[in-house]
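# What the coordinates show
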Amino acid sequence: MLIGVPKEIKNHEYRIGLTPSGARELIANGHKVMVQRDGGKSIGLTNEQYEKAGAEIVDSAEEIFKRAEMIIKVKEPQPVECAMLRPGQILYTYLHLAPDPEQTKALVASGCTAIAYETVTDRKGGLPLLAPMSEVAGRMSIQAGAHALEKAQGGSGVLLGGVPGVKPAEVLVIGGGVVGINAARMAMGMGAHVTILDRSLDRLKYLDELYGDRITTIYSTHDAIEERLPDTDLVIGAVLIPGAAAPKLVSREQLKLMRPGSVLVDVAIDQGGCFETSKATTHQNPTYEVDGVIHYCVANMPGGVARTSTFALTNATLPFAVQIANKGAKAALLADPHLLNGLNVHAGKITYKAVADDLGYAYVSAADALNA
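Pairing in this open sheet of 8 strands is mixed, and the strands run 3-2-1-4-5-6-14-15 from one edge to the other. Either end of the sheet is taken by a strand with one partner, and the two such strands are strand 3 (56-58) and strand 15 (349-350). In this structure, strand 1 (residues 2-5) lies alongside strand 2 (residues 32-36), joined through 4 bridges in parallel fashion. Counted as the bridge partner of leucine 2 is lysine 32 from strand 2.

Shown next, in the form of structure tokens:
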């Protein structure tokens, strides 16, 4: 299979879909890899490294989209990229379609086979291709939130860990999944007082057993969130419904309960955000203020630590990429129910139910679409 890796073009996105080591692995399996010139240069992955791995360096994204049978990316295709996709071509990347009707419409029109990293599953019910970026985003959320709390950034001027004689910041993490637990770990490591909310009693029990009295665990309800907002300095939105739009857990009205200069970090912004007042921002302009509360809603947070993120992502995505290349998309998808869960769009049909439901499309099961 001829595999193409274009340079990412989203604002301040420096990651690349495949490392030189990943390219070498695919080539060792008998495939050909094309990488756009300087696609990984900004994170220290040179054209020479890719060439040494056996990849071909090409000058333009247009050539990659024209020639490649499978496109491996990081972020969702931008409109100019969607326009270059063709029927039967495999797109393997993050998609986050539920809050993005325009991208969905473009992928449906293209006739491509679009496999979303964020809905591929594993035997434990986890999301193995989303997990590494969730780990990065969870850890970054505290780093970003701590910076936003600084007075010069518009925050309340609170130091996350406090100092002797001065109490630490109060951090509220909504969601105890991969993002939430990584956020909690970082916040605790910086000395903050952390409360984590979740609706899974099993998850709360696990967190309690793991951290004991170093963390406060609360069953998540509207009342529980509302009761804690007045005393919270930093709120991390870490909820996820796989493939679907994120639920809105903090309303505009509830912002009035928070102290001026408090900070919200919405890690669910790729799925539409879990605060009513959330809107996607970029690393170039990461924050904005609503009713005195600072919002950090960068839609590609892991792109801020692009080198770490690229290696972590390739570690997770490569085994499935090899499966797809070795067997072809249809055979690979039908042979692996977990990879099949990643299929969101095929030949003009929406094959992921949450996306179809949220955007008003007819739903066709992935297996039926492939066998049509």
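In this section: the sheet that holds strand 7 (residues 170-174). Strand order in the open sheet made by the 7 strands is 9-8-7-10-11-13-12, with mixed pairing throughout. For this open sheet the edge positions go to strand 9 (216-219) and strand 12 (287-290), each flanked by a neighbour on one side alone. Direction aside, neighbouring strands of the sheet carry axes that sit 20 degrees apart on average. Of the strand pairs in this sheet, strand 11 (residues 263-266) and strand 13 (residues 293-296) are connected by 3 bridges, and their pairing is parallel. Along strand 13, the bridge assignment pairs leucine 264 with histidine 295. Running at roughly 150 degrees to strand 10 (residues 234-237), helix 6 (residues 131-148) makes contact with strand 7, strand 10, strand 11 and strand 13 of the sheet. Across the sheet, helix 8 (residues 201-211) is in contact with strand 8 (193-198) and strand 9; its angle to strand 9 comes to roughly 170 degrees.

In terms of residue burial, strand 7 counts as a mostly covered element, since 4 of its 5 residues are buried. Relative to strand 8, strand 7 is paired through 5 bridges, and the arrangement is parallel. If you follow valine 173 over to strand 8, its bridge partner there is isoleucine 196. In terms of handedness, the path from strand 7 via helix 7 (residues 178-189) over to strand 8 forms a crossover that is right-handed. Where strand 7 and strand 10 come together, 4 bridges link them in parallel fashion. Residue pairing across strands places leucine 172 opposite valine 235, the latter belonging to strand 10.

Here the focus is the layout of surface pockets. In this structure, the second largest pocket encloses a volume near 180 Å³. In terms of lining, the second largest pocket is formed by 13 residues, of which the most central are Pro99, Ile269, Asp270, Ala280 and Ala299. A breakdown of the residues in the lining of the second largest pocket according to their chemical character gives 5 nonpolar, 3 polar and 5 charged.

Attention shifts here to the nonpolar core. Residues Leu26, Tyr92, Val171 and Ile236 are the most contacted members of the largest nonpolar core, which totals 77 residues. At 9 residues, the largest contribution of residues to this core is made by helix 10 (residues 306-327). Apart from residues lying up to four places away in sequence, leucine 26 is in contact with Ile3, Leu18, His31, Val33, Ile72, Leu318, Ala321, Val322 and Ala325. Grouped together as the second largest cluster of nonpolar side chains are 25 residues, Ala61, Ile71, Leu91 and Val108 included.

Right, let's talk about the pattern of salt bridges for a bit. Scanning the entire structure with this criterion turns up 14 salt bridges. For the salt bridge of lysine 73 with glutamate 81, the shortest nitrogen-to-oxygen distance reads 3.5 Å. One exposure class covers both lysine 73 and glutamate 81, and it is buried. Among the charged side chains, a network of salt bridges with common partners joins Lys10, Lys75, Glu76 and Asp270.

Contact pair helix 6 / helix 10: the axes reach a minimum separation of 8 Å and the direction vectors enclose 155 degrees. Comparing their axes, helix 10 and helix 6 come out roughly antiparallel. For the pair helix 6 and helix 10, contact is made by Pro132, Met133 and Val136 and by Ser309, Ala312, Leu313 and Ala316, respectively. For the contact of helix 6 with helix 10, the class distribution of residues is 6 nonpolar, 1 polar and no charged.

The subject of this paragraph is the environment of alanine 316. Within the element layout of this structure, alanine 316 appears in helix 10. Put simply, alanine 316 and proline 132 are 184 residues apart on the chain and 7.4 Å apart in space, counted from C-alpha to C-alpha. Apart from the residues within four sequence positions on either side, alanine 316 is in contact with Pro128, Leu129 and Pro132.

Along its 18 residues, helix 6 runs 25 Å from first to last C-alpha, staying within 8% of the 26 Å computed at 1.5 Å per residue. Burial of helix 6 is extensive: 14 of the 18 residues sit out of reach of the surface.

The rules behind each value
Residues numbered from 1 in each chain as written. Predicted model: local features only at pLDDT ≥ 70, side-chain atom pairs only at ≥ 80, totals over all residues. Heavy atoms only, no water. Pairing = 2+ DSSP bridges. Helix = DSSP H or I, 4+ residues; strand = E, 2+ residues; numbered from the N terminus. Axes fitted to C-alpha atoms, helices over the stretch in contact; angles between N-to-C directions. Contact = heavy atoms within 4.5 Å. Buried < 20%, exposed > 50% of the residue type's maximum accessible area, 1.4 Å probe, protein only. Right-handed = clockwise from strand over helix to strand, strands pointing away. 1 Å grid on protein atoms, 1.4 Å probe; cavity = no way out; pocket = protein on both sides within 12 Å on 5 of 7 lines; lining within 4 Å. Points joined across faces, edges and corners; volume = space filled by probe spheres on them. Nonpolar A, V, L, I, M, F, W, Y, C, P; charged D, E, K, R; others polar. Core = buried A, V, L, I, M, F, W, Y, C linked by side-chain atoms within 4.5 Å. Salt bridge = Lys/Arg side-chain N within 4 Å of Asp/Glu carboxyl O. Parallel < 35°, antiparallel > 145°, perpendicular 65-115°, else oblique. Expected span 1.5 Å × (residues − 1).

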